[in-house]
Amino acid sequence: MSSSASATSRLSVMSMAASLPSVGGYSSAASSIYAKRNTTNILERHLNKTRGTEVSVNAFAFLFSEMLQYTQKRVNGIQDLERKLNELGYRVGIRALDLLVWRDKNSKRETRVLGMLYFIHTTVWKTMFGKQADSLEKSTENEDEYMISDNDPMVSKFISIPKDVSQLNCGAFMAGIVEAIMDGCQFPSRVTAHTVPIDSFPLRTTILIKLDREVLDREEQLK
Amino acid sequence: MNATHSSSSSGGSGIGSGPLGQGNSPTCYFVIIGTKDNPIYEAEFVSVNTARSSSGGATIPEAKKEEFRHLNQFIAHSALDMVEDLQWSTNQMYLKAIDKFNERFISAYLTAGNIKLLLLHDAKSDDAIRNFFNDCYELYIKTLLNPFYEPNSIISSSAFDTKVRASAKRYL
């Protein structure tokens, strides 16, 4: 992990924030007159306001690397680190689910597994990463396994993994997002991320979704 | 005892049954239920527009109305079973009147994240209730997007309360 520049980069961000001109009149800490800021209550912002906006890859990569460093200090072991990343992704996924379903005004709740996976494969990926996921497959060996693959996952692109933690897969973050969405729609499943490099795409990551028994039973009944 | 309970859970604005003294003023009881069947938010409104004309005559004294208020919770929560039955048969979000209890109807709205919005009301138009539910869903999503809001926890924001009541006044 890029540990060398971490301390200095954090400091530089803080100093930048201090030197920015403050918004709306908070000129100094000693000022006791609160000039009214343009603060909008979160309940008054329109949900579609940020619909088409994009965040730069640099900002995301920076934020993600900071998240990794933060969690790295607080865990012992690779499994733990992946679990923490998964939890972080979970928090994102819960919110993404409701927001994306709402924004897609004509969409309904998903009640079938395939519809759900298709939703993740297209809509969720498109909103998060700007493109659809690269493939959606059903495993031939097991009834309850499905795979979503991404040839060039944005989370892993800028993370360099040293040899002693070579087991780590930053796709655990994406797996957390997918798991949250599946859980939210009442398709409880175990979601893990695996790297399966092929020639042209060395970072190709596959997210394996293993559905719980009850989901399959329900699918049977609904058929 | 039930009076204190309901006032603490609905943000303390205590509208309930207004001091109008004009007979059976219809109240609506709205509750948001999380994924673990836990109530996240509750509110009671006095509705201004009702489909049926106010029944002249029987005036229920204030004290007795207080007793009925805790019934609302029971009625709404018992309707949860019906919601779960209907959940897989349709992929609509707005499930219309799913249950009936003593002249009052329970309408439900099921969100994508499996949060249930229940409204206990007297006869009202479907469209009005649908609009109200859509408004409340939007408010819920905005609350959910707050990174400091833990999903499935109680919504205690007074701004949220104000907005829900304003929406209720507009549609119900």
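As a reminder, the structure under discussion sits directly above these lines.
Below you will find a few notes about this structure. All residue numbers refer to positions counted from 1 along the written sequence of the respective chain. Ligands are numbered from 1 and chains lettered from A, in the order in which they are written. Two thresholds apply to this predicted model, a pLDDT of at least 70 for residue-level local features and 80 or more for giving and counting side-chain atom pairs, whereas whole-chain, interface and lining totals are computed over all residues. Excluded from the side-chain calculation are hydrogens and water; included are all heavy atoms of the structure.

**As for the layout of surface pockets**
All names here are of chain A. Put simply, the test is: Residues are said to line a cavity or pocket when one of their atoms sits within 4 Å of a point; the points come from a 1 Å grid over protein atoms alone, cavities being sets where a 1.4 Å probe fits but cannot get out and pockets being open sets with protein on both sides within 12 Å along at least five of seven lines. Grid points are joined across faces, edges and corners, and a volume is the space filled by probe spheres set on the points. In this text, helices come from DSSP runs of H or I with a minimum length of four residues, and strands from runs of E with a minimum of two, each type numbered from the N-terminal end. Under the convention adopted here, Pro, Cys and the residues Ala, Val, Leu, Ile, Met, Phe, Trp and Tyr are nonpolar, Asp, Glu, Lys and Arg are charged, and Gly plus all remaining residues are polar.
If you add up the space inside the largest pocket, you get close to 1400 Å³. Around the largest pocket, the lining is made up of 31 residues, and of these T53, V55, V92, T127 and M128 lie nearest the centre. Of all elements in the fold, only α2 (57–73), α3 (78–103), α4 (113–129) and α6 (172–184) reach the threshold of two or more residues within the lining of the largest pocket. With eight residues, the single largest contributor to the lining of the largest pocket is α3. A breakdown of the residues in the lining of the largest pocket according to their chemical character gives 18 nonpolar, seven polar and six charged.

**Brief notes about the environment of I154(B)**
Residues and elements named next belong to chain B. To be explicit about the condition: For each residue, the accessible area found with a 1.4 Å probe, counting protein chains only, is set against the maximum for its type, and the residue is called buried under 20%, exposed over 50%, and partly exposed in between. Here, residues are in contact when the closest pair of their heavy atoms is within 4.5 Å.
Among the secondary structure elements, I154 is positioned in the loop between α4 (126–145) and α5 (158–171). Residue class for I154 comes out exposed when judged on its relative accessible area of 61%. Separated by 121 residues in the primary sequence, I154 and I33 place their C-alpha atoms 9.7 Å from one another. Leave out the neighbours within four places in its chain, and I154 touches P39, I40 and Y149.

**Considerations on unusual backbone geometry**
Located in the positive-phi region is N102(B), a residue other than glycine, with phi close to 55°. Examined against the element boundaries, N102(B) turns out to sit in the loop between β3 (94–101) and β4 (104–110).

**Focus on the packing of α2(A) against α3(A)**
All names here are of chain A. What counts, and what does not: Fitted lines through C-alpha atoms serve as axes, helices being fitted only where they are in contact, and the angles separating the N-to-C directions of these axes extend from 0 to 180 degrees. Working definition: roughly parallel below 35 degrees, roughly antiparallel above 145 degrees, roughly perpendicular at 65 to 115 degrees, and oblique for all remaining angles. The sense of a crossing depends on the near helix, which, turned anticlockwise from the far helix by less than a right angle, makes the crossing left-handed and, turned clockwise, makes it right-handed.
It is the contact of α2 with α3, at a shortest axis distance of 10 Å, that shows an interaxial angle of 130°. Relative to α3, the element α2 lies oblique. Considering the relative orientation of α2 and α3, their crossing is right-handed. Seen from α2, the contacting residues are F64, M67, L68, T71 and Q72; seen from α3, they are L81, K84, L85 and L88. In terms of residue class, the contact of α2 with α3 is made up of six nonpolar, two polar and one charged.

**Some thoughts on empty space enclosed by the protein**
For the structure on display, the rule yields four cavities of 30 Å³ or more. Considering the residues around the second largest cavity, the lining is formed by R109(A), E110(A), G184(A), C185(A), Q186(A), Q87(B), W88(B), L110(B), T111(B), A112(B) and N114(B).

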